[in-house]
Structures are given as C-alpha cells and as structure tokens.
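Understanding the architecture of this molecule
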Amino acid sequence: MADMLKKVTVQVPATSANCGPGFDCLGLACTLYNRFTYERVPEAEGIQVEAEGQGGESLPQGRNNLAAEAFCILWEKLGKPATGLRISTRIEVPVSRGLGSSSTAIVAGLTAANALAGSPLSKEELVTEATRIEGHPDNVAPAILGGITVNVMEEGKVESLKLALARPLQLVVLVPSIPLPTSKARAALPQEVPHKDAVYNVSRAALLVGSLLTGDYHFLRTALEDRLHQPYRLPLIPGAEEALEGARQAGAYNGIISGAGSTLLAYVPAEGDARKVGEAMAAPFRKRNIETALHVLDIDPEGARVIEIQ
Ligand code: HSE
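Cut-off values and rules
Residues numbered from 1 in each chain as written. Predicted model: local features only at pLDDT ≥ 70, side-chain atom pairs only at ≥ 80, totals over all residues. Heavy atoms only, no water. Domains from an automatic or database assignment. Contact = heavy atoms within 4.5 Å. Buried area = accessible area lost by both parts, 1.4 Å probe. Salt bridge = Lys/Arg side-chain N within 4 Å of Asp/Glu carboxyl O. Polar contact = N/O pair within 3.5 Å; in protein donor to acceptor, adjacent residues only side chain to side chain. Helix = DSSP H or I, 4+ residues; strand = E, 2+ residues; numbered from the N terminus. Near = heavy atom within 4 Å. Areas by Shrake-Rupley, 256 points an atom, 1.4 Å probe, with all protein chains shown as cover.

Each assigned domain of the protein is listed with its residue range as follows: domain 1 (7-164 + 300-309) and domain 2 (169-297). In this structure, domain 1 and domain 2 have C-alpha centres spaced 25 Å apart. Taken together, the contacts link 24 residues of domain 1 with 38 residues of domain 2. Carbon and sulfur atoms supply 65% of the area buried between domain 1 and domain 2, which totals about 2,100 Å² over both sides. Of all residues in domain 1, P21, F23 and R97 bury the most surface against domain 2, accounting for 31% of the area lost on that side. Applying the counting rule to domain 1 against domain 2 returns one salt bridge. The salt bridge involving D24 is made with R186; its shortest N-O contact spans 2.8 Å. For the interface between domain 1 and domain 2, the tally reads 13 residue pairs in polar contact (both at pLDDT 80 or more). Taken together, the elements giving at least two residues each to the side of domain 1 that touches domain 2 come down to β1 (7-17), β2 (26-41) and β5 (148-154).

Following this line, the structure appears as structure tokens:
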C-alpha cells in the first residue's frame, strides 16, 4: 500500500529558538506556516521545486534545495528506490529572520518521505534525523512536535520534552526587513563565556521552564534574560535594544531575539494589548527607516502535520 502513495502535502510551523536563555536547547512553534507538496514522478524528471510567497523566488532548485535534500536523505535511508520529485511550496515564514525557515524545509522533507514510505519513523525519531541535518535541535524539534520543547542532545539522539503551558500567552513577533544569516549571528558569539554568565543563564532557563509550567508568568521578566547570545547579537540589529525596552514598557512580560535574529519576539499576557506592544517595538525601527512586519501569534500545539496524502 505504502509504495503506491504518490503525493503528500505537509504543513510545518515557524519556530522561535532559544526562548531567551535556552541557547541551542529551548524552542517553540508558532502559528505561521510553510506548506510543501511532494509528488513522486518518474525518475527521469529529476527534482523540480516551485515556490511562491515571500523569499520563494530566491530558493535553490534541485537537490540543493533543503526541502528536496532532506526528503532524499530519508528516502534513501529507508531503502526506497530512486524517484523523481515535483515539490511545490507556499512560503509564509520569512527567510533568514530567526523564525526557522530552513527548519521548515528540513522537517517538511523528512515528514513527506516518512509519510510516503508508510510512516515507519515516529516523530521522536524524526527529531533526531532532523537534528543531524540542522546541527542543533531547538528549531526542528518544536517544528515537528509543536508547543514549547526542551531539547537535549545525548549520544547522538535528541531527548525532547514538550511543555504543557499552564496558561495561554500571546506572542508578538516583529520581523525587521533586515536579513541576518545564522552563520553571521553565530560568528558574533565568543568561544568561551565567564562562569558567572553560565550561572546567569542556567538559573534563568530553569526559572523559565518552571514559570511556563506553573503559570507564574510574573517570573518571565527575569527568566527571559540571557547572557550567552543576545548581548553579542543585539548590536547586529539596529533598534533592537530600544524595541525590547519598548515592549516591556507597553505591557509585555519581556522580549527576546527570536532564534539568531533579526526577528524580535515579545511574550505578552493573554489579556494584554498585543497591538500596543507591537507598535512600541516597531517605533525604533521606523525611526531608522527600517521596515517591519508585525504578527500576533499563538503557540502552535501540534507541529508538522500531513494535510493530504494520496
Ligand atoms: N540556536 C540557534 C542560534 C538558532 O541561536 O544560533 C538559530 O538557528
């Protein structure tokens, strides 16, 4: 039966890695999505990728496309015969902005290959496969599992714990028009950090997880602070420091850099004025003639899902 499956559409959420102090280990999925349709065609046709939407025109073609490459890696690993592919994508997640756009492609490829092969791998196994490709688990794990996840690498496997949030939160997401490649944002980080900065982050990451689980969100002001990456990356995003201060003044618990940036994300009380927070975050960019796009999002509870298969 599985070998007869020819076409699958998967939807993968954007993700925000790090969640402040959880560098390379915490991540959340949010309600902004990329959609990928994979159709098996005769091998002679190779791999064609069609894209529409933001940034789609600049995506690479053929197996150089991450969505194609991830599919082929798993397809071959599962011992499936070579196949031609037609991939069409609808891109809503902005590229190179710290919202996990490349993870959506990796997760889509793996989810599609797994589905067309009859779903031999569990979601947990897909997380480990995706992390092998991405290098760190904090985007791919929530993209697959949904929610907010704590992700730890242990002997080549990823252990991911999905947190059940005690109460809802609003995510105010401000995307500046300036791209920030992850490689550049990672190059800005020091090789070593002072021991006191490590303690600063361990204590806050622990407080953050506890706060999310208990619903004691008043701790988020302190718990979202970080010294492992944000102090080094904020100068790469002109206006960001002011924008995060603006978010706090306008009623957010706190704001952080989403992933490696340039997007900023504020955690706002469910009953808070999300638009007002977004306005306060956008103002410092406007002053610098930098355009921004504002999204008020929820946490995606489910992660990557197969929309249609035939
Ligand atoms: N944890 C990663 C980083 C996420 O901050 O560099 C970006 O892919």
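The next thing to look at is the site of the ligand. Close to the ligand lie A17, N18, F23, D24, H136, D138, N139, T182, R186, R233, G259 and A260, which account for all nearby residues. At a separation of 2.6 Å, a nitrogen atom of the ligand approaches a polar side-chain atom of D138. One of the side-chain nitrogen or oxygen atoms of R233 is found 2.8 Å away from an oxygen atom of the ligand. With the chains in place, 96% of the 260 Å² that the ligand exposes on its own is no longer accessible.

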